[in-house]
Amino acid sequence: MKGISGKQFFLISFLPAIAYWYLEARYPLKIALAGGFLLALLEIILEKIFTKHVHALSKFNFFLIIFLGAISFGEEDGMWFKLQPCFTGLGIGGYLLVRLYKGKSLMNEMMASMGREFPFEGVMEKIEVHMGFFFIAYGLFMAGVALLGSTGSWLFFKTAGFYLATFLFLAVEFLYMRLMIKRIVRNQQKAEVLKRFNITSS
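One structure accompanies this document, and this report is about it. These numbers come from a predicted model, not from an experiment.

Structural notes on the nonpolar core
Soluble, globular proteins show a tendency: their nonpolar side chains are buried together.
Point 1. If you look at the biggest cluster of nonpolar residues, it comprises 29 residues, and the most contacted ones within it are Tyr 20, Phe 81, Leu 83, Phe 135 and Trp 154.
Point 2. The set of elements that each furnish at least two residues to this core consists of α2 (15-24), α3 (29-51), α4 (56-75), α5 (79-82), α6 (84-101), α8 (123-148), α9 (151-158) and α10 (160-201).
Point 3. In terms of residues, this core owes the most to one element, α8, which gives eight residues.
Point 4. In contact with Phe 135, not counting residues within four places along its chain, are Gly 89, Leu 90, Ile 92, Gly 93, Leu 96 and Phe 162.
Point 5. In terms of nonpolar packing, the next biggest core, distinct from the first, is built from nine residues, Met 111, Phe 120, Met 124 and Met 177 among them.

Next comes the structure, spelled out in C-alpha cells:
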C-alpha cells in the first residue's frame, strides 16, 4: 500500500477545524460538532493505516476534541470545542518545560537517537525553553481568539496562522542560535589564548 506523505498529513490535520468552520456557518451547532468528531476520527484512522502507529500527540488531540466537543454539545456552545488548540499548546509547552526542569532535553534526545550530538552545550536547552513558552503563549492567544474572535479567525490561527507564527519563531531562534554559537566560539578562543599565555609565562 502506498504511504502517505508528510504534506498530506499536514493537510489532513486541518480537516476537523475546516469541517467545523464550514458546517457551523450553514447548519446547527450539533451537526458542525458531529462533522468535527468524524473527521478527527478519520485523521486517527488514516495515521494508523499509513504509519502503523498513532502518535501520542495525535491521541491527546483526538480525546481532547471528543471531550471538549462533548461539553459544547451538551452546553450548545461551540466555544468549548474551539478551546482545543489552547489546551494543546499549554500541554506541549508545559511538557517541554517540565522535562527541562528534570534535566531532560527532548531535542538532545532526538539528536542522540539519530547518532548525533550538538557540539555546543546549553544551546538546545535554551531554544527548547523558548519553544515551551512559545507554545504556552500561542495556546493562551488561541483561547482569546476562541472567546472573542469569529470562527473564521479561529480557523486561520489554528491552521495557516499557527504555521506562519511557528516559521517566524524558528527564524528568530535560528538567528539567536547563531549569535549564541558565535559567543561560545569567541569565549573558547579567548580561553585558549589565555591558556597558551599562562603556559608560556610559566
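On we go.
Comments concerning the pattern of salt bridges
Point 1. Summed over all chains, the structure comprises two salt bridges.
Point 2. The shortest N-O distance in the salt bridge between Glu 76 and Lys 30 comes to 3.6 Å. In this pair, Glu 76 sits in the loop between α4 and α5 while Lys 30 sits in helix α3, placing the two residues 46 residues apart along the sequence.
Point 3. With a relative accessible area of 56%, Glu 76 lands in the exposed category.
Point 4. Two residues, Glu 109 and Arg 99, come together in a salt bridge whose shortest N-O distance is 2.4 Å. In this pair, Glu 109 sits in helix α7 (residues 106-113) while Arg 99 sits in helix α6, placing the two residues ten residues apart along the sequence.
Point 5. Assessed through its relative accessible area of 38%, Glu 109 is described here as partly exposed.
Point 6. With a relative accessible area of 14%, Arg 99 lands in the buried category.

Some details on the packing of aromatic side chains
Point 1. A full pass over the atoms with the stated rule returns 13 aromatic pairs.
Point 2. Pairing Phe 134 with Tyr 138 gives two aromatic rings, centres 6.1 Å apart and planes at 35°, and the pair type is tilted. Of this pair, Phe 134 and Tyr 138 both sit in helix α8, four residues apart, which is roughly one turn of the helix. For the pair formed by Phe 134 and Tyr 138, the shared burial category is buried.
Point 3. Look at Phe 162 and Tyr 163: their rings are 5.2 Å apart centre to centre, the planes differ by 75°, and that puts the pair in the edge-to-face class.
Point 4. Among the aromatic residues, those joined into a ring-pair cluster are Phe 134, Phe 135, Tyr 138, Phe 141, Phe 156, Phe 157, Phe 162, Tyr 163 and Phe 169.

So, how was this worked out
All residue numbers refer to positions counted from 1 along the written sequence of the respective chain. Local features in this predicted model are restricted to residues of pLDDT 70 or higher, and side-chain atom pairs are both shown and tallied only at a pLDDT of 80 or more, whereas totals for entire chains, interfaces and linings draw on every residue. With hydrogens and water stripped out, all remaining heavy atoms of the structure feed into the side-chain values. Buried Ala, Val, Leu, Ile, Met, Phe, Trp, Tyr and Cys residues form a nonpolar core when they are joined through side-chain atoms within 4.5 Å. We call a residue buried when its accessible area falls under 20% of the maximum for its residue type, exposed when it is over 50%, and partly exposed in between, using a 1.4 Å probe and counting protein chains only. Strands are runs of DSSP state E lasting at least 2 residues, helices are runs of H or I lasting at least 4, and numbering of each runs from the N terminus. Residue contacts are counted whenever heavy atoms from the two residues lie within 4.5 Å of one another. One speaks of a salt bridge when a side-chain nitrogen belonging to Lys or Arg is within 4 Å of a carboxyl oxygen belonging to Asp or Glu. Any two rings among Phe, Tyr and Trp, with Trp reduced to its six-membered ring, count as a pair given centres within 6.5 Å; such a pair is stacked if its planes are under 30 degrees apart, edge-to-face if over 60, and tilted if neither.

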